[in-house]
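Listed here are the chains, written in short residue letters.
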Amino acid sequence: MQRFFLIFPILALTVMLSACSESDSTPKVAVEPVVAEVSPGVVVSSAKESFSILIAGTQVGQLETVHKEGNTQVDYEYRNNGRGPTITESVAIGENGLPTSWTVSGASTFGNKIDEQFVLSGDEASWKDATGAGNTRPAEPSIYVAQDSSPYAVWIYAKALLADEDHSMPVLPGGTLRLDEIETLTVTGEGGEIEVTSYALSGIDLNPTYFLLDQDDAFFAFITPRFAIVRKGFEAEEERLRGLSTEYAARRFEDIQKRLARNFDGPVRIKNVRIFDPQTQALTEPVSVVVAGNRIDNILAADSPLEAGEVEIDGAGGTLVAGFYEMHAHLGQNNALLNIAAGVTSVRDMGNNNEVLTELISKIKSGRLAGPRVIRSGFIEGKSPYSSNNGMLVSSEEEAVAAVRSYAGGDFYQIKIYNSMNPDWVPAMIKEARANGLKVAGHVPAFSNANAMIAAGYDEMTHINQVMLGWVLEEGEDTRTLLRLTALKRLPSLDDDDPAIAATIDAMAANNVAIDPTLAIHERLMRSRNGTISPGVVDYIDHMPVEFQRSAKTAWADISTPEDDKAYWEAFDKIIQTISTMREKGVQLIPGTDLGGSLNYHRELELYQLAGMTAPEILKWASYDMAAYVGQESELGSIEVGKLADFFLIPGDPTADLKAIKTISMVVKDGTFYFPSEIYPEFGIRPFVDAPVVVQPGF
């Protein structure tokens, strides 16, 4: 999953998690060619507009607007992977092009109810959203950024910013929006050719948002590498436009890479550091580590003399830890560099647009972009009204087996089976995977259970809810829908002595079936509350951009009753208890987030302390053990002479306090040096710690 379009958190959640619905038709909704003045001097090309919402080329919903007498009405809805938002909004635009009132209602991707209002009365602005209420008297014209708006909001922001001299404006409740024009191009649709202009909207989020306006400055498209909203009649341009969003982001990240990646001409000596040794689960005495090219060339005494031509980096008594493995990633350009900054130098991608990921991997390997090493999963989903539009979609057992075979011909480590797969086809798929040396992981297909998949031959179960649902669902209940998340409210009713629980866990242990629990995303689902900082981000929220902070104070699920509040909260306790039992019985646990990794990965690791793991155990597990799990321990997973130079530096001792991993001062990936204090400001993040002192030869 791509993971952060924070101006539009509803979109972010679904796109980020969509890999983990489809429509075979593209319904046409007529656009009324009526010129309408939505406010004095502000004219759009039609009173009614209709747009198709597509994910990876499949239409999943629609967006419709009506402009009338200074007011814009928006209806926005889509469904992908059995879930999606339903939003209605009404925006009144004043004479200066700024919103004077804005209401948003509906439900978010995971069901959280939306009831947002903004009013500008005279010189006083007031608002209420999921995080609470606020008001102010802005000292200068400021634009309100809605928390739960549809992506059509970019048109409202763009109109105001285009009218501003420097295309920049203060934001309510905080931050600054900036609009940058990228290029003008010609698109072709049912009405013939028209000219459109692409823009980047940035300033309050981790990454820019890309969209297009037509020659009359009316909204034309909203674009990401996988998700697009395109004017009706121009759906044939969707793939091309998504490609442009990929290219625009690539230009940005290539520029960052050129400026911030350090590839030194000679050997680099990192002096006065202690190494975390996964074999002893302890720190070594102070040493100096020499990197030459992309490998660890030597490990010497801390006081050994510097040799001619060496670059010297002062480790100041800090700790070097081998690079982490994020084992449940959906890698994209927007989170590739952030993972590096967080010490995540390897990821296992669990499902993606295959062509987009191939291109990204190529750019990382060539050095054009910063990013982790990628272990690929071949995503296979059954066709249904609830399909995730990702990887390969199949309609028969023959197609499913052929999909496995096609992945065997590429650089894939395993296949991943998803929700809409017919469970009767799974044994044949596993047989084909085994014949071609592929591992098998996945969700539990709808109308089946974990026991059946364990018996069929899964190597690994994906997400702890996929296992535990088998203990609480009634026969015939459909986990292709949001039920696979909302049914977790039933977990507190489980009897700890239920033999069904022991039977599943014992079967996993006996058959060496691992589990990728993705604890951090379950914590976010079950313990996020409107108006309260989500537990997983409390340690770093004040370092983040304003829209991230708003999103982190918003519930995911519909927790509108005291009963639901209690049930969801206690359900997470039951999950931790289950993970602890699995660990005690010898089930292999795998650390992954399904949240884009990066800072979320640090939280993922912390949560396993609740299941009884110690900080040293977790450090070994996240580095060496995962390297061994995927067969890479001879090259990665520990800091040893001859191994690839993938590691990070922190000032403190993570064996004493795991939270020390949140203060990374330097990351080395494949011999290239990065300093997070330089990277984070590119995303609007305040750095956590300064970079170490670097001394070049001759200075």
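Before reading further, recall that the structure is shown in the block above.
Residues numbered from 1 in each chain as written. Predicted model: local features only at pLDDT ≥ 70, side-chain atom pairs only at ≥ 80, totals over all residues. Heavy atoms only, no water.

S.K.: Sorry, what's going on with the packing of aromatic side chains here?
M.R.: Counted under the stated rule, the structure contains 24 aromatic pairs. Taken together, a centroid distance of 5.0 Å and an interplanar angle of 70° make the contact between Tyr 152 and Phe 219 edge-to-face. Within this pair, whereas Tyr 152 is found in the loop between strand E11 (143-144) and helix H2 (153-162), its partner Phe 219 is found in strand E16 (residues 219-223), the two being separated by 67 residues in sequence. In terms of burial, Tyr 152 and Phe 219 fall into one category: buried. A ring pair is formed by Tyr 608 and Trp 621, whose centres lie 4.7 Å apart and whose planes are at 70°; its orientation type is edge-to-face. Pair noted here: Tyr 608 is in the loop between helix H15 (599-607) and helix H16 (615-629) and Trp 621 is in helix H16, with a separation of 13 residues, a long-range link. The exposure class of Tyr 608 is buried, given its relative accessible area of 0%. Aromatic ring contacts, followed pair by pair, group Trp 102, Phe 118, Trp 127, Tyr 144 and Tyr 157 into a single cluster. Note that Arg 252 overlies the ring of Phe 683, its terminal NZ or CZ placed 5.2 Å from the centroid. (Phe/Tyr/Trp six-rings, centres within 6.5 Å; stacked < 30°, edge-to-face > 60°. Helix = DSSP H or I, 4+ residues; strand = E, 2+ residues; numbered from the N terminus. Buried < 20%, exposed > 50% of the residue type's maximum accessible area, 1.4 Å probe, protein only. Lys NZ or Arg CZ within 6 Å of the ring centre and 35° of its normal.)

S.K.: What am I meant to see in unusual backbone geometry here?
M.R.: Excluding glycine, most residues fall at negative phi; most peptide bonds, likewise, are trans. With omega at 15°, the peptide bond leading from Leu 172 into Pro 173 counts as cis. Turning to its location among the elements, Pro 173 is positioned in the loop between strand E12 (168-172) and strand E13 (176-189). Backbone geometry places Asn 81, a non-glycine residue, at a positive phi of 60°. Take Asn 81: it is sitting in the loop between strand E5 (71-78) and strand E6 (86-93). Take Asn 81: its relative accessible area is 1%, and that puts it in the buried class.

S.K.: Would you mind going over the packing of helix H6 (residues 397-408) against helix H7 (residues 426-435) with me for this structure?
M.R.: Each pair of packed helices can be described by the angle between their axes along with the distance between the axes. Contact geometry of H6 with H7 gives a least axis separation of 9 Å together with a crossing angle of 25°. Between H6 and H7, the interaxial angle falls into the category roughly parallel. Between H6 and H7 the crossing geometry is right-handed. Contact residues: H6 offers Glu 397, Ala 400, Val 401, Val 404 and Arg 405, while H7 offers Ala 428, Met 429, Glu 432 and Ala 433. Counted by class, the contact of H6 with H7 contains six nonpolar, no polar and three charged residues. (Axes fitted to C-alpha atoms, helices over the stretch in contact; angles between N-to-C directions. Parallel < 35°, antiparallel > 145°, perpendicular 65-115°, else oblique. Left-handed = near helix turned anticlockwise from the far one by under 90°. Contact = heavy atoms within 4.5 Å. Nonpolar A, V, L, I, M, F, W, Y, C, P; charged D, E, K, R; others polar.)

S.K.: Can you help me understand the pairing of strand E26 (residues 373-382) in this one?
M.R.: Here is the key point about a regular strand: its side chains alternate between the two faces of the sheet. Along E26, eight of the ten residues are buried, which leaves the element largely enclosed by surrounding structure. When E26 meets strand E28 (residues 412-417), the two strands line up parallel, connected through five bridges. When the bridges of E28 are listed, Ile 380 appears paired with Ile 417. Summarising the sheet, E26 and strand E27 (residues 392-394) pair through three bridges and their orientation is parallel. Of the residues in E27, the one forming a bridge with Gly 382 is Val 394. (Pairing = 2+ DSSP bridges.)

S.K.: What's the story with the pairing of strand E20 (residues 287-292) in this structure? I'm lost.
M.R.: Of all six residues in E20, five are buried; the element is thus mostly enclosed. Summarising the sheet, strand E18 (residues 268-277) and E20 pair through four bridges and their orientation is antiparallel. Bridged to Val 273 within E20 is Val 287. Linking E20 to strand E21 (residues 295-301), which pair antiparallel, is a turn of two residues; within it Gly 293 sits at a positive phi near 65°.

S.K.: In this structure, what is going on with the environment of Ala 627? I would like to understand it.
M.R.: If you trace the backbone, Ala 627 turns up in helix H16. Ala 627 gets classed as buried once you look at its relative accessible area, which sits at 0%. Between the alpha carbons of Ala 627 and Tyr 325 there is a distance of 7.5 Å; along the sequence they are 302 residues apart. If sequence neighbours within four positions are ignored, Ala 627 has contacts with Tyr 325, Gln 632, Glu 633, Leu 636 and Gly 637.

S.K.: Help me understand H16, please; the structure alone is not making it clear to me.
M.R.: Because each turn of an α-helix spans 3.6 residues, side chains separated by three or four positions in sequence point in the same direction. Taking 1.5 Å per residue as the helical rise, H16 with its 15 residues ought to reach 21 Å, and the 20 Å between its terminal C-alpha atoms agrees with that figure. Of all the bends in H16, the greatest measures close to 40° and is centred on Trp 621. Among the 15 residues that make up H16, eleven are buried, leaving the element largely enclosed by the rest of the structure. Every buried residue of H16 is listed here: Ala 615, Pro 616, Ile 618, Leu 619, Lys 620, Trp 621, Ala 622, Ser 623, Tyr 624, Met 626 and Ala 627. If you follow the buried residues of H16, they end up packed against E18, strand E23 (319-322), strand E24 (324-329) and H15. (Expected span 1.5 Å × (residues − 1). Bend = angle between axes of the 7 residues up to and from the residue.)

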